[in-house]
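Report on the structure
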Amino acid sequence: MIIGIASYFESNAIGGTETQTGFTMKELHNLGQEVRYIKKREDLVNIDILHVFHCCREEYLQYCKYHNIPVVVSTIYWNPRELFLYEQNLFRLIQDVDVQVKNHKTRLQKVLPYVSMLLPNSYSEYGVLLSDFSCTNIPYRVIPNGVDKIELDPDYKIPVRDYILCVGRIEVRKNQLQLINATPKDIPLVFIGNKGITDRYVSMCKEAAERRGNTYFYDAMPHKELWNWLYRCKAYCQPSWYETPGLVSLMAASIYKPLILTARGSCKEIFPHAEFTTPCSVEHISNHVSKFQFAEGATPVISWKEVTELTINVYKEVLAAYNPLCERSNKRWSEYPEKGTQPLE
């Protein structure tokens, strides 16, 4: 079986989609599968199945449709309406939130007509897909995210102690500004992540951090380094506008760290022992950060190898059920674009 992997990364910044894609490819290779990352249309030749992570160039999907290659998609989706409303108020913007939401949905919307199976990370994510896309005609299988191997370096130096940790790009969705304003000044606050694309928000966070003091920013780092920061933190906090459910939160849960997580997204389904906070309320975040409790039980997590084994089973299921004659009789070669099309907007 030759597996094609496709996505559409907007920048060099590494986030959850890129990490999920990378670990899936790595474990597919380790499990003896032939894997091919699709960078151009010619890479699709002779693949047996295409696995899309959220979205990809539409020409890849058109090629697969013409050549009877099944497509599955890891949806990685949540409705961003509440985030856009907050962003509008934060930056005093005049914009149509309905149009923003529609544009956000467009990429995945264009993928769905080609898809044989949806692979949401949770049942709550699938519920949002049903609400936003009415995709009841497409089968689905929930494929959770995994956790990589714990790597700790006893000689690794961390210049801060008893800190609350938050990991992610410095961007509005991750809600670092609210966390800075909410955390008592006597608690060290550590952010790990590169700058997002909105310079204005990054500046607002840095200015708030200077006023607060006791706040530290570090660039994104490999997971083998990140484990050391997680292991030594006092608690892990992710008050985002939504998470699905958050890869670093899974890492923190796997080593029994107290979790203060957003109530938006799929976190409540995945983390039964976390404390949940409302991202729009500084007071609510502050109450949880000041009075967090250690977890009373473990959050069940699985390895990326186990995740990938589940994914391979989905590939086999789709290939076994796929009808290679579907729609081909009505497809004319002239309908297939010979030239590359633009990325999905």
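Each remark here, short or long, concerns the structure printed above.
Rules behind the numbers
Throughout, residues of each chain are indexed from 1 in the direction in which the sequence is written. Reporting in this predicted model follows two pLDDT cut-offs: at least 70 for local features of residues, and 80 or more for side-chain atom pairs to be given and counted; totals over whole chains, interfaces and linings ignore these cut-offs and use all residues. Each side-chain value is derived from all of the structure's non-hydrogen atoms; neither hydrogens nor water enter the calculation. Strands are treated as partners if at least two bridges between them are detected by DSSP. Every helix listed is a DSSP run of H or I at least four residues long, and every strand listed is a run of E at least two residues long, numbered separately from the N terminus. When checking whether two residues touch, look at their non-hydrogen atoms; a contact exists if any pair is within 4.5 Å. Only the stretch in contact is used when a helix axis is fitted, and all axes are lines through C-alpha atoms; the angle between N-to-C directions ranges over 0 to 180 degrees. Should a side-chain nitrogen of Lys or Arg be within 4 Å of a carboxyl oxygen of Asp or Glu, the pair is scored as a salt bridge. Burial classes follow relative accessibility: with a 1.4 Å probe on protein chains only, a residue under 20% of its type's maximum area counts as buried, one over 50% as exposed, and anything between as partly exposed. Under the convention used throughout, the expected extent of a helix is 1.5 Å for every residue step, that is, one less than its residue count. Directions pointing from the helix axis toward each C-beta atom define the arc.

**Examining the sheet that holds strand β5 (residues 117-118)**
Pairing within the open sheet is parallel, and its 5 strands lie in the order β2-β1-β3-β4-β5. Among the strands making up the open sheet, the edge pair consists of β2 (34-37) and β5. Across 4 bridges, the pairing between strand β1 (residues 2-6) and β2 is parallel. Following the sheet pairing, I3 is matched in β2 by V35. Along the sheet, helix α1 (residues 16-30) contacts β1, β2, β3 (49-53) and β4 (71-74); its crossing angle with β2, the most-contacted strand, is approximately 150°.

**Points about the pattern of salt bridges**
Counting across every chain of the model gives 7 salt bridges. The partner of K40 in a salt bridge is D43, and the shortest N-O contact between them spans 3.2 Å. By relative accessible area, D43 is classed as buried at 14%. For E82, the salt bridge is made with R264, and the minimal N-O distance between the two is 2.6 Å. Here R264 lies in the loop between β10 (259-262) and α10 (267-270) and E82 lies in helix α3 (residues 81-90), a separation of 182 residues in the sequence.

**Side note on helix α7 (residues 199-212)**
Since there are 3.6 residues in each turn of an α-helix, residues three or four apart along the chain are aligned in direction. Here α7 spans 20 Å end to end across 14 residues, near enough to the 20 Å set by a 1.5 Å rise per residue. Among the residues of α7, those classed as buried are Y201, V202, C205, A208, A209 and R212. Within α7, the buried residues cover an arc of 130° as seen down the axis, which keeps them to one side. Among the exposed residues of α7, those pointing more than 90 degrees away from its buried face are D199, E210 and R211. Those residues of α7 that are buried lie in contact with α3, α6 (176-182), β7 (189-192) and β8 (215-218). Positive phi appears at G213, one or two residues downstream of α7, with a value of about 75°.

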